[in-house]
Amino acid sequence: MAAYLCPPAVIHGEHSVQTSEIVAEVRDRHPHAAWAPRIDGIAASTGIESRGWMLPLQAAVAPGDGGALGAAGVGPAREALVREGFGEQEADRVIAALEAVPAPQTVQERTAPAWEAVQSYGERAARGALQIAGLDVADVDCLITSNSTTPALPGLDVALANRLPLRGDAMLLPAAQWACVAGTRSLALAADLVAADPDRVVLVVISEALSTTYQPADDTLESLIVRLLFADTAVAAVVTGRPRRESVLRLDAAWHHTLPGTQDLHRLQTRADGTHFVMDRRGPRAVQETVTAMWEWLRARYGDDPTAWHPDLLLAHPGGTRVLEYMEQTMPDEWPSGLLEYSRDSYTSGNRGGAAVFDILRRAHDAGQKAGSRAVLYAAAPGLTATALEGEWL
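So, here is what we can say about the structure in this document.

About the criteria used
- Residues numbered from 1 in each chain as written.
- Predicted model: local features only at pLDDT ≥ 70, side-chain atom pairs only at ≥ 80, totals over all residues.
- Heavy atoms only, no water.
- Core = buried A, V, L, I, M, F, W, Y, C linked by side-chain atoms within 4.5 Å.
- Buried < 20%, exposed > 50% of the residue type's maximum accessible area, 1.4 Å probe, protein only.
- Helix = DSSP H or I, 4+ residues; strand = E, 2+ residues; numbered from the N terminus.
- Contact = heavy atoms within 4.5 Å.
- Axes fitted to C-alpha atoms, helices over the stretch in contact; angles between N-to-C directions.
- Parallel < 35°, antiparallel > 145°, perpendicular 65-115°, else oblique.
- Left-handed = near helix turned anticlockwise from the far one by under 90°.
- Nonpolar A, V, L, I, M, F, W, Y, C, P; charged D, E, K, R; others polar.
- Salt bridge = Lys/Arg side-chain N within 4 Å of Asp/Glu carboxyl O.
- Pairing = 2+ DSSP bridges.
- Right-handed = clockwise from strand over helix to strand, strands pointing away.

### A few points about the nonpolar core
Point 1. One finds Ile144, Leu187, Val202, Val239, Leu249, Leu315 and Leu377 to be the most contacted residues of the largest nonpolar core, which totals 40 residues.
Point 2. A per-element tally of this core places helix α8 (residues 182-196) first, with seven residues.
Point 3. Not counting chain neighbours up to four residues away, the residues in contact with isoleucine 144 comprise Leu173, Trp178, Ser186, Leu189, Ala190, Leu193, Val202, Leu203, Val204 and Val205.

### What to know about the packing of helix α1 (residues 19-29) against helix α9 (residues 221-229)
Point 1. Two elements in contact, α1 and α9, have axes whose closest approach is 10 Å; the angle formed by their N-to-C orientations is 150°. Overall, the two elements α1 and α9 adopt an arrangement that is roughly antiparallel. In terms of crossing hand, the pair formed by α1 and α9 is right-handed. Counting all contacts with α1, which are made through Thr19, Ile22, Val23 and Val26, the residues of α9 involved are Leu224, Arg227 and Leu228.
Point 2. Tallied by class, the residues present in the contact of α1 with α9 amount to five nonpolar, one polar and one charged.

### Some words on the pattern of salt bridges
Point 1. Evaluated as defined, the whole model comprises 25 salt bridges.
Point 2. Two residues, arginine 78 and aspartate 92, come together in a salt bridge whose shortest N-O distance is 2.9 Å. Of this pair, arginine 78 sits in helix α4 (residues 74-83) while aspartate 92 sits in helix α5 (residues 88-100), placing them 14 residues apart in sequence.
Point 3. For arginine 78, a relative accessible area of 26% translates into the label partly exposed.
Point 4. Overlapping salt bridges, with partners in common, bring together Arg250, Asp252, Arg301, Arg374, Glu390 and Glu392 in one network.

### Regarding the pairing of strand β5 (residues 142-146)
Point 1. Among the five residues that make up β5, five are buried, leaving the element largely enclosed by the rest of the structure.
Point 2. Pairing analysis gives five bridges linking β5 to strand β6 (residues 171-175), with the strands arranged parallel. Following the sheet pairing, serine 146 is matched in β6 by alanine 175.
Point 3. A crossover connection joins β5 to the parallel β6 through helix α7 (residues 156-163); in handedness this β-α-β unit is right-handed.

### Structural notes on the packing of helix α6 (residues 107-133) against α7
Point 1. Look at α6 against α7: their axes get within 10 Å of each other, and the N-to-C directions meet at 55°. Viewed along their axes, α6 and α7 adopt a mutual orientation that is oblique. Where α6 crosses over α7, the handedness of that crossing is right-handed. Counted together, Trp115, Glu116, Val118, Gln119, Ser120, Gly122, Glu123 and Arg127 of α6 and Leu156, Ala159, Leu160 and Arg163 of α7 form the full contact between these two elements.
Point 2. Residues that form the contact of α6 with α7 fall into these classes: five nonpolar, three polar and four charged.

Here is the structure:
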């Protein structure tokens with residue numbers, strides 16, 4: 001495999017949103033929800049006090065521009081009232097009252113500014129990654145992008161090809177539905193591309209506005225948890241087929257795994273008021289199954305002397321604290337503690353979805369790692385599908 005990864009650029013959401021702000025907004029909006037008396041404990045259990053968003057909290061909770069009449073329109077509404085016996089003046093008063101009732105934002109009102117932010121953040125991350133790698137935009141042969149939260153066509157790949165701009169013959173490979181697995185799967189694909197042509201330069205960009213899943217009207221417990229978990233981040237990194245002075249990690253092997261019959265456990269749904277992230281309580285257990293399968297892959301890879309080998313770094317997308325706890329519980333007893341240090345550190349400021357692994361990798365790099373250290377990168381996503389990579393720190 002032998003692909004070489006330069007340090008990633010990480011652009012965090014610039015608007016700091018405190019957990020206390022979210023709790024206050026939700027408590028005010030849903031005072032009679034079944035979980036309302038427990039909201040402080042639920043918020044504290046996430047371990048997240050603040051997260052960065054590309055847009056401020058107000059952008060998510062503000063009413064839409066239209067009134068309660070919505071698509072019905074003033075004319076048809078007045079005609080209906082008159083048919084029911086209302087006088088002209090009475091009908092006008094009813095229409096005025098309805099127009100004064102705030103309506104939720106439409107999908108367009110919610111998504112359009114987020115999509116613009118995703119592009120802007122993605123461009124900044126891309127330029128940062130190229131600068132880190134000591135390369136120019138003209139050096140990029142292939143661009144891999146992932147963006148699941150603000151669907152658009154053309155997508156982030158074409159947007160960045162124009163914004164940077166890339167050469168006209170650069171290969172564009174968009175992946176709109178990788179979601180949380182984008183970090184590891186994009187690197188696995190990049191490694192395959194440079195294996196086919198070692199002179200190829202691949203730029204990976206992941207930009208996610210997960211805050212678009214914050215839905216004020218939703219009063220389910222799952223929606224509360226979604227509000228508390230997600231952060232917005234754009235990341236980018238360069239992968240090459242030959243080592244560069246700037247390379248920090250050699251990727252040696254990749255593994256993929258999909259659990260049948262689990263496609264409904266975690267999913268995005270587009271409704272009238274925007275994008276909802278729907279969670280099933282069985283999800284963490286299914287994710288744990290992919291962790292167990294990954295351990296088996298590593299055991300088979302080092303089966304000749306399994307007790308003598310262990311990763312020095314485990315850079316795992318922290319979908320939640322339960323997954324990290326399960327990873328620690330099921331690791332071989334001989335493995336050292338603290339392998340998930342950087343994953344836990346990343347999670348304290350939110351779940352970054354597909355950008356998480358790059359953020360965790362950057363934290364490990366900034367802390368300084370010994371050459372020869374073995375690293376395992378892991379992520380799982382709705383599907384449920386997982387990808388892991390194994391390599392060596394340079």
